[in-house]
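Residue-level structural notes
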Amino acid sequence: MRRTSASLVVGALVAALAWSSGPSSPAIALDPSPGVADLAQDLNQILADPRLTIARAGVVVRNAESGEELYATDAGKLMLPASNTKLFTSAAAAETLGLDYRFATTVLHTGRKAGSVVRGDLVLRGTGDPTMLAGDYDALAAEVAKAGVKVVTGKLVADDTWFDSVRLGQDWAWDDETAYYAAPISALTASPDRDYDAGSMIVSVAADGGKVKVSTTPESDYLEIVNKATVGASNDVLIERRHGTRTVVISGTVASTYSEWVAVDDPTAYAASLFREALAAHGVKVLGRTVSGAAPEGASQLAARESMPLSELLVPFMKLSNNIHAEILTKAMGRKVAGQGTWAAGLKASTDFAKANGVEVLNMRDGSGLSRRDGFTPASIAQLLTVVRGKPWFTTWYDSLPIAGNPDRFVGGTLRSRMRDTAAADNVRAKTGSLTGVTALSGYVTSADGEPLVFSIMLNQYLSGSPKDIEDKIAIRLAQFTRAAAVDDTVNRKRASAEQPGDLECSWLKPVQC
């Protein structure tokens, strides 16, 4: 079962003690009309929740068209954004790479091809495609076989040089290393399913007679499985990869089928192993070993695959808050803009995009928001949400945001279980964000008058009891907002509290889905 990172808990406690002064003064209405004054009063009341007494709360609400500020409290204070960081990454990617951008994976050979024999190396070259499945590597192997190749006298070369060799974010918690949502980043990788959780495998256990049966998705011998689990009356099982190794240890008791998504140690080696297995299945024998390296100039292409365009990838990326997509797109931007597939180059592309559009970026350390050193203000997020409305790619990007209360997993995304049967359902489109002691919700809502609004809610350093229902109450109140009159949202507030996820993005808590 997934455990909350110990280092994140400690970080939350330290941060809370450092900011243990009283809450900020309640905001006042920025417009004299009765509806705006009533809105300010209601939002102040919602934010008076005792869980926020020693926490920090920053909120801003604006008219999306005019930029008029309807409500603000600590809107200019630096906050941890968690996955609200992806708003910046995804928007910068749409602008920098373009919605038609595709990742290419190619197979090349060096030396000379004589009949069915390649007298040289076979090269598998990637550019970061997070949508590559085992079946896609099999299709590439089938193309190689179709080209008449049966024997490769040289090595299988895995070329991941499109990106640098830095695999993990510099601020990521070490005890998240084996978690699939913090998987290592590489230009050659593979996903186990169509959530496209690149760099991970699914390890499943099931009671089979008196023994525990173990299987993996995809089927592969890449991981070394140490099965210490026994059949029991209930599932109380831990599936965990040992740090820095390919060894997965399974312990505890198993009563029924249970699966865990596990990050691999080396995504390049993992992808290469899937390809080598596929080559063998199609009758292609590579005599040499598997190595890492760059394809030499003049290598000849044998097979190729392109990913779906970015316009389609935005859906699993944003709806399911996929961290690995964010980091791969960050490095892809760096490669395009500066010729360097690095975090530094990619983050500069993201921040340059923001600054060029008048959006302040205070500290962006990764593309996903896993870093606890990322820092944005509610005002900067609201400004981003406002300015991107004029971009030619806005509609596609807007459609990729999770939609409140919509049960379809690839429509409602991380908001599909929230704000159901309220004025916000199928109305609020917003990006969630969650780390231990951190939650955020920023996006768009249409008021009861049909007025388009942008909002950003950032709650930091709370100690217990997820305050996501506070976010929901605010979003519902905005959906009910009218400039003419007050509203009674007592029923909706109760509904907002009915079902709340915990301290991590619900889509990260597999196999349980929010």
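Residues numbered from 1 in each chain as written. Predicted model: local features only at pLDDT ≥ 70, side-chain atom pairs only at ≥ 80, totals over all residues. Heavy atoms only, no water.

Let us now look at the sheet that holds strand β1 (residues 56-63). Strand order in this open sheet of 5 strands is β2-β1-β21-β20-β19, and the pairing throughout is antiparallel. Taken across any chain shown, the strands that pair with only one partner, and hence form the sheet edges, are β2 (69-73) and β19 (429-435). Each strand axis lies, on average, 5 degrees off the axis of its neighbour in the sheet, ignoring direction. Bridge count between β1 and β2: 4 bridges; the pairing is antiparallel. Counterpart to V60 in the pairing with β2 is A72. (Pairing = 2+ DSSP bridges. Helix = DSSP H or I, 4+ residues; strand = E, 2+ residues; numbered from the N terminus. Axes fitted to C-alpha atoms, helices over the stretch in contact; angles between N-to-C directions.)

What follows deals with the packing of helix α2 (residues 34-47) against helix α12 (residues 468-480). Running from N to C, α2 and α12 cross one another at 170 degrees; their axes reach a closest spacing of 10 Å. Classified by the interaxial angle, the pair formed by α2 and α12 is roughly antiparallel. Each of G35, D38, L39, D42, L43, I46 and L47 in α2 lies in contact with α12, whose residues at this interface are I470, K473, I474, R477 and L478. In terms of residue class, the contact of α2 with α12 is built from 7 nonpolar, 1 polar and 4 charged. (Parallel < 35°, antiparallel > 145°, perpendicular 65-115°, else oblique. Contact = heavy atoms within 4.5 Å. Nonpolar A, V, L, I, M, F, W, Y, C, P; charged D, E, K, R; others polar.)

As a further point, take the nonpolar core. Core analysis: the largest hydrophobic core is formed by 66 residues, its most contacted members being F88, V388 and W397. Look past the residues within four positions of V388 in its chain and what remains in contact with it is A91, F353, W393, F394, W397 and Y444. Counting 41 residues, the second-largest nonpolar core is a separate cluster that includes L156, V212, L274 and V286. (Core = buried A, V, L, I, M, F, W, Y, C linked by side-chain atoms within 4.5 Å. Buried < 20%, exposed > 50% of the residue type's maximum accessible area, 1.4 Å probe, protein only.)

At 3.6 residues per turn, the α-helix brings residues three or four places apart onto the same side. Between the first and last C-alpha of α2 there are 20 Å, a value that for 14 residues agrees with the 20 Å anticipated at 1.5 Å per step. Extensive coverage of α2 is indicated by the burial of 10 of its 14 residues. (Expected span 1.5 Å × (residues − 1).)

Attention now moves to the sheet that holds strand β9 (residues 200-208). Spatially, β10-β9-β15 is the arrangement adopted by the 3 strands of the open sheet, whose pairing is antiparallel. The open sheet terminates on both sides in strands that have one partner only, identified here as β10 (211-217) and β15 (258-263). Each strand axis lies, on average, 25 degrees off the axis of its neighbour in the sheet, ignoring direction. Two elements, β9 and β15, share 6 bridges in a ladder whose sense is antiparallel. Its bridge partner being in β15, V203 is matched across the sheet by E260.

Here L80 shows up in the loop between β2 and α3 (85-96). Considering only alpha carbons, one finds L80 and G437, 357 residues apart in sequence, at a separation of 9.6 Å. Not counting residues up to four positions away in its chain, the partners in contact with L80 are R372, R373, D374, V438, M458 and N460.

Counting all residues, the mean pLDDT for the protein chain is 91, and 89% of those residues have values of 70 or more. Under a pLDDT of 50 for its full length, residues 1-23 has, in the predicted model, 44 contacts with residues more than four places off or in other chains. (pLDDT = per-residue confidence, 0-100.)

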